[in-house]
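# Survey of secondary and tertiary structure
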Amino acid sequence: MTYQMLDQLRDHYMESEGTWFSLRWHYIENCILKSYMDSYKQSGKEEYYLFVKGFIDRLYDESGRIPAIDVCYYSIDQIRPATILFDLYKRENDSKYKHVLDLIYEQLKTYPRTASGSFWHKENYPNQIWLDGLYMGQPFLVRYIKEFEEKKDYSDTINQFLNVKKFIFNEENRLYYHAYDESREMFWCDKTTGMSPNVWGRAVGWLVMALVDVLELLEDEQVDSEPLKMMLQETLDGMLPYQHSGGMWYQIVDMGDRPGNYLESSGTLMLAYAMLKGSRLGYLASEYAERGKSVFDGTIRQYLHEENGEVLLGGICRSAGLGTNPDTGKVRDGTFKYYTENEIIVSNNGHGVAPLIMAYTEVKLSEL
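Below is a short write-up of the structure. (Residues numbered from 1 in each chain as written. Predicted model: local features only at pLDDT ≥ 70, side-chain atom pairs only at ≥ 80, totals over all residues. Heavy atoms only, no water.)

## What to know about the packing of helix α8 (residues 201–218) against helix α10 (residues 265–280)
- Between α8 and α10, the least distance of the axes is 8 Å, while the angle of their chain directions is 25°. On the basis of their axis angle, the class for α8 and α10 is roughly parallel. Where α8 crosses over α10, the handedness of that crossing is left-handed. Contact with α8, carried on its side by Gly201, Arg202, Val204, Gly205, Trp206, Val208, Met209, Val212, Asp213 and Glu216, involves Ser266, Gly267, Met270, Leu271, Tyr273, Ala274, Lys277 and Gly278 of α10 and no other residues of that element. (Axes fitted to C-alpha atoms, helices over the stretch in contact; angles between N-to-C directions. Helix = DSSP H or I, 4+ residues; strand = E, 2+ residues; numbered from the N terminus. Parallel < 35°, antiparallel > 145°, perpendicular 65-115°, else oblique. Left-handed = near helix turned anticlockwise from the far one by under 90°. Contact = heavy atoms within 4.5 Å.)

This is the structure we're talking about:
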């Protein structure tokens with residue numbers, strides 16, 4: 001019955017524009033589209049592909065451009081939406097998709113970087129590396145090189161992952177923190193290490209999703225991807241001691257017993273997706289598929305429910321970041337209180353529904 005509810009949620013979500021998601025060039029909507037493209041590839045259901053294509057096509061204007069893209073503004077979040085265009089271009093062979101892919105790739109050539117070579121998170125967050133940014137930028141960069149560049153050099157991507165290991169990983173507790181400020185100037189960072197103060201579950205989720213998706217793209221390529229496989233294994237193994245008995249992880253991963261903390265669904269489902277996919281593709285042992293399935297089942301047992309005839313996924317942190325939000329002016333200091341009290345918990349937000357559908361697709365693939 002629960003899996004029937006998942007099918008119901010997935011089919012209904014496509015019809016919910018304006019309620020649960022908007023028509024915009026945004027990383028959240030891209031994650032939703034990616035989940036439906038995954039469902040299309042697994043099931044062959046044309047309606048999923050047409051939903052993705054229809055959404056993207058409506059972002060274009062009459063001249064074949066997407067007005068929302070601003071190449072004069074550097075934001076790694078803006079890169080993520082372009083990843084869906086690869087599949088559309090491959091099937092449709094429409095130059096309008098390739099034009100945007102080229103536009104985004106050209107912007108990356110001038111994208112500001114830290115001294116260690118990593119992309120800044122945004123131009124208004126200078127010298128900062130966030131775990132989120134690896135998922136936003138690296139799958140696009142790798143796939144563009146793989147599909148269109150004559151010289152297949154993936155060393156930039158490998159280096160940016162290893163920078164995260166170098167600067168944002170705590171060797172003592174084996175956990176990744178949310179972000180790093182190379183300049184040590186931000187109010188949220190440790191002035192010695194440059195690291196933000198807490199382990200946010202969804203940030204780790206972005207990291208492991210980036211790892212499994214990039215590893216998949218690098219299959220059969222002439223590159224040593226072992227460091228990324230080791231990083232995936234290490235990241236997941238570091239999280240396991242902090243897992244709740246029901247299968248989930250807390251909003252602040254290593255403070256499960258602290259009042260105000262809560263089991264958070266989006267980060268948990270990202271970890272489930274990485275375990276299931278990583279095991280299916282051979283980057284992780286088969287036991288991780290079992291763990292991923294247990295994580296997935298524990299999350300839907302905890303948070304999937306029906307209300308007034310509508311299927312809802314609860315327990316989703318609506319949004320979180322660091323610094324001063326340029327849109328709202330909200331100060332995001334990375335403290336425990338900020339993550340657990342200052343950002344609200346919602347249902348059916350794309351941050352949670354997208355990895356839910358992605359992980360559900362992996363569950364189905366594991367049953368073949």
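## Looking at the nonpolar core
- In terms of nonpolar packing, the biggest core is built from 129 residues, with Tyr36, Ile56, Leu85, Phe140, Phe161, Leu232 and Phe296 touching the most fellow members.
- Considering each element in turn, this core owes the most residues, 13 residues, to α8.
- Setting aside its immediate chain neighbours within four residues, Leu232 contacts Val208, Leu211, Val212, Leu215, Tyr283 and Leu284. (Core = buried A, V, L, I, M, F, W, Y, C linked by side-chain atoms within 4.5 Å. Buried < 20%, exposed > 50% of the residue type's maximum accessible area, 1.4 Å probe, protein only.)

## Description of the packing of aromatic side chains
- Within this structure, the stated rule accounts for 25 aromatic pairs.
- For the pair Tyr74 and Tyr111, a centre-to-centre distance of 5.4 Å together with 85° between the ring planes defines the contact as edge-to-face. Linking Tyr74 in the loop between α3 (46–57) and α4 (85–92) with Tyr111 in the loop between α5 (95–109) and β1 (128–130), this pair joins segments that are 37 residues apart in sequence.
- Judged by its relative accessible area of 4%, Tyr111 falls in the buried class.
- Look at Tyr125 and Trp130: their rings are 5.1 Å apart centre to centre, the planes differ by 25°, and that puts the pair in the stacked class.
- What makes Trp130 buried here is its relative accessible area of 5%.
- A connected cluster of aromatic rings, assembled from ring pairs, spans Tyr13, Phe21, Tyr36, Tyr48, Phe51 and Phe55.
- The ring of Tyr135 is capped by Arg80, whose NZ or CZ atom sits 3.9 Å from the centre of that ring. (Phe/Tyr/Trp six-rings, centres within 6.5 Å; stacked < 30°, edge-to-face > 60°. Lys NZ or Arg CZ within 6 Å of the ring centre and 35° of its normal.)

## Here we look at the packing of helix α2 (residues 27–43) against α3
- The N-to-C vectors of α2 and α3 enclose an angle of 150°; their axes lie 7 Å apart at closest approach. By the angle class used here, α2 and α3 are roughly antiparallel. For the element pair α2 and α3, the recorded crossing hand is left-handed. Contacts from Glu29, Leu33, Tyr36, Met37, Ser39, Tyr40 and Ser43 in α2 reach Glu46, Tyr48, Tyr49, Phe51, Val52, Phe55 and Ile56 in α3.
- Class assignment of the residues belonging to the contact of α2 with α3 gives a composition of 10 nonpolar, two polar and two charged. (Nonpolar A, V, L, I, M, F, W, Y, C, P; charged D, E, K, R; others polar.)

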